[in-house]
Amino acid sequence: MSDILIVDDERDIRELVSDILEDEGYSTRLAGNSDECMAEINSEPPGLLILDIWLKDSRMDGIDILKAVKRDNPDVPVVIISGHGNIEIAVAAIKQGAYDFIEKPFNIDQLMVVIRRAMETSRLRRENASLKRKEVTNSDMIGKSAAFRAMQGQLDKVTKSNGRVMLSGPAGSGKEIAARYIHAHSNRANAPFVTVNCAGIEPERVEEVLFGRESSERGIESGLLEEAHGGVVYFDEVADMPLGTQSKILRVLVDQQFQRVGGSDKVRVDLRVISSTNRDLEAEIAADRFREELYHRLNVVPIAVPSLEERREDIPVLAQHFIEMCNESQGLAMREISEEAVALLQTMTWPGNVRQLKNLIERVLILGEGSGPIEAKELPAEEEKADDTGRVVLSGALATLPLREAREAFEREYLLTQINRFGGNISRTASFVGMERSALHRKLKSLGVVTSNKSGARVAQLDEPEPAE
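Starting afresh in each chain, residues are numbered from 1 along the sequence in its written order. Given that this is a predicted model, residues contribute local features only at a pLDDT of at least 70 and side-chain atom pairs are listed and counted only at 80 or more, while totals for whole chains, interfaces and linings are drawn from all residues. Values shown for side chains rest on all heavy atoms present in the structure; no hydrogens or waters enter the calculation.

What about the packing of helix α13 (residues 315-330) against helix α14 (residues 339-347)?
Now for step 1: Only the stretch in contact is used when fitting a helix axis, every axis being a line fitted to C-alpha atoms; angles between N-to-C directions are given from 0 to 180 degrees. Numbering of helices and strands runs from the N terminus, with a helix taken as a DSSP run of H or I at least four residues long and a strand as a DSSP run of E at least two residues long. In the contact formed by α13 and α14, the axes pass within 9 Å of each other and the chain directions differ by 110°. Relative to α14, the element α13 is oriented roughly perpendicular. In this structure, α13 crosses over α14, and the sense of that crossing is right-handed. Across from I315, P316 and A319 in α13, the residues of α14 making contact are V342, L345 and Q346. Under this scheme an angle from 65 to 115 degrees is roughly perpendicular, one under 35 degrees roughly parallel, and one over 145 degrees roughly antiparallel; angles in between are oblique. The crossing is said to be left-handed when, going from far helix to near helix, the turn is anticlockwise and less than a right angle, and right-handed when the turn is clockwise. Note on contacts: a residue pair is in contact if any heavy atoms of the two residues lie within 4.5 Å.

Describing the sheet that holds strand β3 (residues 48-52)
Think of a sheet as strands paired side by side through backbone hydrogen bonds, with each pair either parallel or antiparallel.
Now for step 1: At least two bridges found by DSSP between two strands are what make those strands a pair. Ordered by their spatial adjacency, five strands build an open sheet running β2-β1-β3-β4-β5, and the pairing between neighbours is parallel. Of all the strands in the sheet, just β2 (28-31) and β5 (100-103) have a single pairing partner and so form its edges. The average undirected angle you get between the axes of adjacent strands in this sheet is 20°.
Now for step 2: Across four bridges, the pairing between strand β1 (residues 4-7) and β3 is parallel.

Let's talk about unusual backbone geometry
Now for step 1: K104 connects to P105 through a cis peptide bond whose omega is -10°.
Now for step 2: Structurally, P105 is set in the loop between β5 and α5 (108-137).
Now for step 3: You will see that Q256, though not glycine, has its phi angle at about 55°, which is positive.
Now for step 4: Its place among the elements puts Q256 in the loop between α10 (243-255) and β11 (257-259).
Now for step 5: Only protein chains enter the calculation, and the probe is 1.4 Å; a residue is then buried if its accessible area is under 20% of its type maximum, exposed if over 50%, and partly exposed in between. Q256 gets classed as partly exposed once you look at its relative accessible area, which sits at 24%.
Now for step 6: Despite not being glycine, D288 has its phi angle at roughly 60°, a positive value.
Now for step 7: Its place among the elements puts D288 in the loop between α11 (281-286) and α12 (292-298).

Section: the sheet that holds strand β7 (residues 193-197)
Now for step 1: Taken together, five strands build an open sheet; the order of strands is β7-β10-β13-β6-β14 and the sheet is parallel. A single partner strand is all that each edge strand has here, and the edge strands are β7 and β14 (301-304). Between one strand axis and the next, the sheet turns by 20° as a mean value, whatever way the strands run.
Now for step 2: Contacts between helix α6 (residues 146-158) and the sheet are confined to β6 (165-168), β13 (272-277) and β14, with β14 contributing the most and set at about 155° to the helix.
Now for step 3: Along the sheet, helix α7 (residues 175-184) contacts β6, β7, β10 (232-236) and β13; its crossing angle with β7, the most-contacted strand, is approximately 155°.

Here we look at a negative patch on the surface
Now for step 1: In this scheme, patches are assembled from residues that exceed 30% relative accessible area and form no salt bridge. Like charges are connected within 9 Å, while nonpolar side chains (Val, Leu, Ile, Met, Phe, Trp, Tyr) are connected within 5 Å. Throughout, the Shrake-Rupley method with a 1.4 Å probe supplies accessible areas, and for residues the shown protein chains are the sole cover considered. In what follows, salt bridge is the name for a side-chain nitrogen of Lys or Arg lying within 4 Å of a carboxyl oxygen of Asp or Glu. The positive count covers Lys and Arg only, the negative count covers Asp and Glu only, and His and the chain ends enter neither. By convention, the charge on Lys lies at NZ, on Arg at CZ, on Asp at CG and on Glu at CD. On the surface, D280, E282, E292 and E293 cluster together into a patch of negative charge.
Now for step 2: Within the fold, E292 resides in helix α12.

Things to note about the nonpolar core
Now for step 1: We define a nonpolar core as any set of buried Ala, Val, Leu, Ile, Met, Phe, Trp, Tyr and Cys residues linked to one another through side-chain atoms lying within 4.5 Å. L225, F235 and I249 are the most contacted members of the largest nonpolar core, which has 32 residues in total.
Now for step 2: Elements represented by at least two residues in this core include exactly β7, α8 (206-211), α9 (224-227), β10, α10, α11 and α12.
Now for step 3: If we skip the residues at most four places from it in the chain, F235 touches V196, C198, L210, L225, M241, I249, V273, I274, S275 and S276.

Observations regarding helix α3 (residues 62-72)
In an α-helix, one full turn covers 3.6 residues, which means residues spaced three or four apart are oriented alike.
Now for step 1: A large share of α3 lies buried, amounting to nine of its 11 residues.
Now for step 2: G62, I63, I65, L66, A68, V69, K70, R71 and D72 are the residues of α3 that are buried.
Now for step 3: The term polar contact refers here to a pair of N or O atoms within 3.5 Å; inside protein, the definition further demands a hydrogen-donor-capable atom paired with an acceptor-capable atom, and it admits residues adjacent in sequence only when both atoms are side-chain atoms. By the N-cap criterion, in which a side-chain oxygen at the helix start approaches the backbone nitrogen of a residue two or three places on, α3 is capped by D61, the distance to I63 being 3.1 Å.

Quick look at the environment of S82
Now for step 1: Relative to the helices and strands, S82 is located in strand β4 (residues 78-82).
Now for step 2: Given the relative accessible area of 0%, S82 is considered buried.
Now for step 3: Those residues in contact with S82 that lie beyond four places of it in its chain are D52, I53, W54, F101, I102, E103 and K104.
Now for step 4: Within the structure, S82 has its side chain in polar contact with the side chain of W54 (distance 3.5 Å).

Notes on empty space enclosed by the protein
Now for step 1: Only protein atoms enter the calculation, which uses a 1 Å grid: trapped sets of points that fit a 1.4 Å probe without letting it out are cavities, open sets showing protein on both sides within 12 Å along at least five of seven lines are pockets, and any residue with an atom within 4 Å of a point is a lining residue. Grid points are joined across faces, edges and corners, and a volume is the space filled by probe spheres set on the points. For the structure on display, the rule yields two cavities of 30 Å³ or more.
Now for step 2: For the second largest cavity, the calculated volume is near 30 Å³.
Now for step 3: Along its surface, the second largest cavity is lined by L225, V233, F235, I249, V252, L253, Q256, L271 and V273.
Now for step 4: Secondary structure elements with two or more residues in the lining of the second largest cavity: β10 and α10.
Now for step 5: Looking at which element gives the most residues to the lining of the second largest cavity, the answer is α10, with three residues.
Now for step 6: Class assignment of the residues belonging to the lining of the second largest cavity gives a composition of eight nonpolar, one polar and no charged. Three residue categories are used. Nonpolar comprises Ala, Val, Leu, Ile, Met, Phe, Trp, Tyr, Cys and Pro, charged comprises Asp, Glu, Lys and Arg, and polar comprises the others, including Gly.

Some details on α6
Now for step 1: Multiply 1.5 Å by the residue count of a helix minus one, and that product is the helix's expected span. The terminal C-alpha atoms of α6 lie 19 Å apart, and with 13 residues this matches the ideal 18 Å at 1.5 Å per residue to within 8%.
Now for step 2: Every buried residue of α6 is listed here: A147, F148, M151, L155 and V158. In an axial view of α6, the angular spread of the buried residues amounts to 95°, which keeps them on one side of the axis. Throughout, the arc means the angular range of directions from the helix axis out to the C-beta atoms.

Describing the confidence of the model for the protein chain
Now for step 1: How sure the predictor is of each residue is captured by pLDDT, a score from 0 to 100. A residue-level look at the protein chain finds 90% of positions with pLDDT of 70 or above and a mean pLDDT of 85.
Now for step 2: For the stretch residues 383-387, pLDDT sits under 50, and the model shows 13 contacts to residues farther than four places along the chain or on other chains.

Things to note about the packing of aromatic side chains
Now for step 1: Here the aromatic set is Phe, Tyr and Trp, taking the six-membered ring for Trp, and pairing holds for ring centres within 6.5 Å; pairs whose planes are under 30 degrees apart are stacked, those over 60 apart are edge-to-face, and all others are tilted. The final tally for this structure, using the stated rule, is four aromatic pairs.
Now for step 2: Ring centres 5.4 Å apart and planes at 40° place the aromatic pair F211 and F258 in the tilted group. With F211 in helix α8 and F258 in strand β11, this residue pair connects regions lying 47 residues apart in the sequence.
Now for step 3: A relative accessible area of 3% means that F211 is categorised as buried.
Now for step 4: With relative accessibility at 5%, the residue F258 sits in the buried group.

A look at a nonpolar patch on the surface
Now for step 1: Residues F410, Y414 and F432 make up a contiguous nonpolar surface patch of about 290 Å² in total accessible area.
Now for step 2: Inspection of the secondary structure assignment puts F432 in helix α18 (residues 426-433).

Rendered as structure tokens:
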């Protein structure tokens, strides 16, 4: 996309313009009719198109070609030239997406100014899009736990294919980062990554947002699917997509083309689709809220994104990563985290998952003073934490139990938390809590605590008795 395609039915004009442009250092291609023009564009899109609006002996006129170019190659700037110029034609061309309109006989200096501006505008748009992609793909996946490594291994397997991926996991667990990881390590890494926030789009506008629209007043307005052409479209929380739109997305997946709202032309797109959900889509299908055929189209490769509860080992490295991010983006203090604070973070409950941890670290850095290590007292208190005098504040439920039952309840929850904190590693847990490994095994058995594999990691849970037949 570095040369200029000149389309004019008058040979003398296209050769004259070509000679002038080549003297200015541009490379050019020539076409005398619409068939030659479309063949050149389809073989390799040019950096800029100079297009005569009236083409003798052609199937398409300049406006038709302009529509086709803006449909299939929206980044190519088009300069319209015409010997029969009038205001109506110029306005129509600009509405259809032309960069500018020049009337014949044109002044060469004027033409060169328009071409330089158009090429510069196109270059800046490409650079801006490239910078945006680099900005979002710099968010590396962080972790070392078994659950994290299992997920990353699955992501690595799908990066080089074009297969559709369905990411499932609770809100805040990092599904979009996983989707961006796939994009950044795929052969589409230099192409767009476009997020469709299915829950955030007003239902009455969702088709305009996705497919774009055409109108006589505003011309062509591209939608998100068109913006993602050649790259990845990510449907965030796809279960929130309206049922009517689901059927149209299904058709796009089958045909790889669609119509803009108010338009009649088919827009062809080359897309890789990644979706995410925090719901049970099979239950949504049973409740007639999600189309089963769309589910099977999207769920080619299902990958589970673990919650923060399932990867407590990663909390220290994630917290440090967020400290570095806040330092770089906001100039907040670069602080370490004390061992006591790390232990507290690993035993806290995280209903908001990784997003909640990120927000907590940012809040602590904003409200904290000095640059010393983050201490446990700076973290928010939860139930069963010590007050300022060192006394443990009991929850209402625990305070109503007899001593033996309260002790067992505390030991059970304490050991469950510690085992999961250390990724199911009994030896490390025993060392931290100050027990012999064999004694810890006996204690766990008496409390009904067992360990098992889940999402590639060893986790502790209560041994649920089998239901009686």
